[in-house]
Amino acid sequence: MTDAFDPARVEADVRRWLERAVIGLNLCPFAKAVYARNQVRIVVSDASTERALLEQLGEEMALLRDTPAGQVDTTLLVHPQVLGDFLDFNDFLDDADALVEALDLDGVLQVASFHPHYQFAGTEPDDAVNLTNHAPYPILHLLREDSVDRAVAAYPEPDSIIERNVATMQELGSEGFEQLLRR
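Quick summary incoming for the structure in this document. (Residues numbered from 1 in each chain as written. Predicted model: local features only at pLDDT ≥ 70, side-chain atom pairs only at ≥ 80, totals over all residues. Heavy atoms only, no water.)

## Describing the nonpolar core
What tends to happen in soluble globular proteins is that the nonpolar side chains get buried as a cluster. Counting residues in hydrophobic clusters, the biggest one holds 28 residues, and the most contacted among them are Val-14, Trp-17, Leu-18 and Ile-139. Of all the secondary structure elements, the ones that give two or more residues to this core are α1 (7-23), α2 (31-36), β1 (40-44), β2 (74-78), β3 (109-114), β4 (139-144) and α6 (160-182). In terms of residue count, α1 provides more of this core than any other element does, seven residues in total. Excluding anything up to four places from it in sequence, Ile-139 contacts Val-14, Trp-17, Leu-76, Leu-77, Val-78, His-79, Phe-89, Ala-112, Ser-113 and Phe-114. Counting residues in hydrophobic clusters, the runner-up holds 23 residues, among them Val-43, Leu-93, Leu-105 and Val-111. (Core = buried A, V, L, I, M, F, W, Y, C linked by side-chain atoms within 4.5 Å. Buried < 20%, exposed > 50% of the residue type's maximum accessible area, 1.4 Å probe, protein only. Helix = DSSP H or I, 4+ residues; strand = E, 2+ residues; numbered from the N terminus. Contact = heavy atoms within 4.5 Å.)

## A closer look at a negative patch on the surface
Together, Glu-50, Asp-85, Asp-88, Asp-91, Asp-94, Asp-95, Asp-97, Glu-101, Asp-104 and Asp-106 make up a region of like negative charge exposed at the surface. Here the element with the most residues in the negative patch is helix α4 (residues 86-102); it accounts for six residues. Locating Glu-101 in the fold gives a position in helix α4. (Patch = residues over 30% accessible without salt bridge, like charges linked within 9 Å, V, L, I, M, F, W, Y side chains within 5 Å. Areas by Shrake-Rupley, 256 points an atom, 1.4 Å probe, with all protein chains shown as cover. Salt bridge = Lys/Arg side-chain N within 4 Å of Asp/Glu carboxyl O. Lys, Arg positive; Asp, Glu negative; His and termini not counted. Charge placed at Lys NZ, Arg CZ, Asp CG, Glu CD.)

## A few points about the layout of surface pockets
Taken as a whole, the largest pocket encloses approximately 1100 Å³ of empty space. As for the largest pocket, its lining consists of 40 residues, and the residues nearest its centre are Leu-27, Cys-28, Phe-30, His-141 and Leu-143. Among the elements that make up the lining of the largest pocket, the one with the highest residue count is helix α5 (residues 145-154) (five residues). The space that makes up the second largest pocket amounts to roughly 230 Å³. Every element with two or more residues in the lining of the second largest pocket is listed here: α1 and α6. The greatest single-element share of the lining of the second largest pocket, amounting to four residues, is contributed by α6. In the lining of the second largest pocket, the residues fall into seven nonpolar, one polar and four charged. (1 Å grid on protein atoms, 1.4 Å probe; cavity = no way out; pocket = protein on both sides within 12 Å on 5 of 7 lines; lining within 4 Å. Points joined across faces, edges and corners; volume = space filled by probe spheres on them. Nonpolar A, V, L, I, M, F, W, Y, C, P; charged D, E, K, R; others polar.)

## Comments concerning the environment of Val-40
Among the structural elements, Val-40 can be located in strand β1. On the basis of relative accessible area, Val-40 is assigned to the buried category, the value being 15%. Excluding its chain neighbours within four sequence positions, the residues that come into contact with Val-40 are Val-34, Tyr-35, Thr-74 and Leu-76.

## Section: α4
When the terminal C-alpha atoms of α4 are compared, their 24 Å separation across 17 residues agrees well with the 24 Å that a helix rising 1.5 Å per residue should span. Along α4, the residues classified as buried are Phe-86, Phe-89, Phe-92, Leu-93, Ala-96, Leu-99 and Val-100. Tucked into the core, α4 has its buried residues touching α3 (50-66), β3 and β4. Put simply, Asp-85 is the residue that caps the front of α4, since its side-chain oxygen is 3.1 Å from the backbone nitrogen of Leu-87. Immediately beyond the C-terminal end of α4, within one or two residues, lies Asp-104, with a positive phi of roughly 60 degrees. (Expected span 1.5 Å × (residues − 1). Polar contact = N/O pair within 3.5 Å; in protein donor to acceptor, adjacent residues only side chain to side chain.)

Below is the structure:
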């Protein structure tokens, strides 16, 4: 996370992460097509409180609901000034899921999460599996359920994605991952 808030730099860092890690390492085999078609909306939030972030998250959910998938298929809500602590971020995910339900978008949208200090339950902080969800800043990823369902149905072995990603990250390691994002 940066000391001075520079939205252009934050967006550039997120694009580099998408291009080099998510797409470049094929961590998400579905990302390349929507990114190439400019259907990924990247929103750099200036929120500095959880409440402000939750309000903006609701606005982004409504925008995604009301916009055709051909224009915006998915949204990355990047929030570098709030929820830098992973445990706080993880707790906030309950609020994000509750908002999906409150807006009657359960089964329509889902929220995926990425964080610089992401840690899956039952893992140690330096376990390679955690790198699959590491990002340069905290990110709430809004996904359309229909798009996810179509992508998974078209992929030959969707269950192999996680195993392949873990193997990739074990081979790359945290130093290699950091170098990839700095190049």
